[in-house]
Amino acid sequence: MGRYRWRGTLGPAVPIAPGTRADKFELFFDLVFVVSFFIITRATAANVTGRELLHALLVLAVLWWLWVVHSVVASRVRLGEGFVPVAMVLGMAALFTFALALPQAFDDPGHGIAGPMLVALSYVAIRVVHLLLYLHAVRARPHARRKMLHFLPEVVVTTLLLVVAALIPQHIGDPEQAVLVRDGLWIAVVVIQYGSGLLGGTWGWELPSAEHWTERYDLILIIALGESVISVGVGGNLIGKPVAWEAIPAAMLGIIFTAALWWALLAAV
């Protein structure tokens, strides 16, 4: 019993009950995704090319997959109660590191492996935290545990691909070939992630609270749209520089486009 004393000190994990709503800690965790979206937006805006847009789509796809996995965990256990916040803070730190290192993931392969390896290692930490928390939450439900373990190969393979994407390009003499190999490995990561979701399907998943699930998706969409407004404001009002007249209609169109996306969300609901 001694090795589980820390769990009793912090309190047991609290399962999600029917009708449960999102708690404040979940919103706190989502702030890291806000930073992630902002970092990717700013890095892409600094050099808008076809390849940079591809890189942005790839990292956004991986980030969205991480959020989907996070939401699956949050649908099973209260993130702000018991010992769970301690694990989630570790996950937040890993996700924050992942976001900070993302712009370096697609640097010139000749710049070294520090950035790409940091991306791969922080990705591993995030997935391990989510996997352990989910397995703990469904420890009394063998069917739900087996369902989650079906996705373990996806975790292992995508992690290995990210590590290979960090290591292999450094040893390719042709820089263009190295970039193609790295981008191809990242594309494989995204295909495997979403392909595993399609193959796994939704059969067998249990949803304790439909209200909690839908509220989580509403909140992340609001966060994404809010980040768009922040990016428009930062881009149109550079510190230390006067606002150019050309930036005014561009900013207005950005706000109108964001409002249209919000309107489309309301219509879909």
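For the structure, see preceding data.
Residues numbered from 1 in each chain as written. Predicted model: local features only at pLDDT ≥ 70, side-chain atom pairs only at ≥ 80, totals over all residues. Heavy atoms only, no water.

**So, the overall build of the chain**
Helices and strands together make up the secondary structure of the chain, namely 10 helices and zero strands. Sequence-distant contacts, at least 24 apart, represent 84% of the contacts inside the chain between residues at least 6 apart. On the chain, roughly 14500 Å² of surface is accessible, and the fraction owed to carbon and sulfur atoms is 72%. (Helix = DSSP H or I, 4+ residues; strand = E, 2+ residues; numbered from the N terminus. Contact = heavy atoms within 4.5 Å. Areas by Shrake-Rupley, 256 points an atom, 1.4 Å probe, with all protein chains shown as cover.)

**Regarding the pattern of salt bridges**
Tallying each qualifying case throughout the model produces four salt bridges. For Arg127, the salt bridge goes to Glu154, with nearest N and O atoms at 2.9 Å. Residue Arg127 is located in helix 5 (residues 114–137), and its partner Glu154 is located in helix 7 (residues 152–167); the two are separated by 27 residues in the primary sequence. Take Arg127: its relative accessible area is 5%, and that puts it in the buried class. On the accessibility criterion, Glu154 (4% relative accessible area) is buried. Across the pair Asp183 and Arg182 runs a salt bridge, and its minimum N-O distance is 3.3 Å. Across the pair, Arg182 and Asp183 agree in class, each one buried. (Salt bridge = Lys/Arg side-chain N within 4 Å of Asp/Glu carboxyl O. Buried < 20%, exposed > 50% of the residue type's maximum accessible area, 1.4 Å probe, protein only.)

**Here's the deal with the packing of aromatic side chains**
This model, assessed by the stated rule, comprises four aromatic pairs. Each ring, one from Phe98 and one from Tyr123, has its centre 6.3 Å from the other, and the planes form 40°; the classification is tilted. Placement of the pair is Phe98 in helix 4 (residues 84–105) and Tyr123 in helix 5, with a sequence separation of 25 residues. Like Phe98, the residue Tyr123 is buried in the burial classification. (Phe/Tyr/Trp six-rings, centres within 6.5 Å; stacked < 30°, edge-to-face > 60°.)

**Remarks on the nonpolar core**
It is characteristic of soluble globular proteins that their nonpolar side chains tend to be buried jointly. If you look at the biggest cluster of nonpolar residues, it comprises 52 residues, and the most contacted ones within it are Leu95, Phe98 and Trp186. Looking at this core, the elements with two or more residues in it are helix 2 (24–45), helix 3 (50–74), helix 4, helix 5, helix 6 (142–149), helix 7, helix 8 (175–200) and helix 9 (210–236). A total of 12 residues in this core trace back to one element, the largest contributor, which is helix 3. With near-sequence residues (within four places) excluded, Leu95 lies in contact with Phe29, Val32, Phe33, Leu63, Leu66 and Ile126. (Core = buried A, V, L, I, M, F, W, Y, C linked by side-chain atoms within 4.5 Å.)

In short, geometric facts, not functional conclusions.
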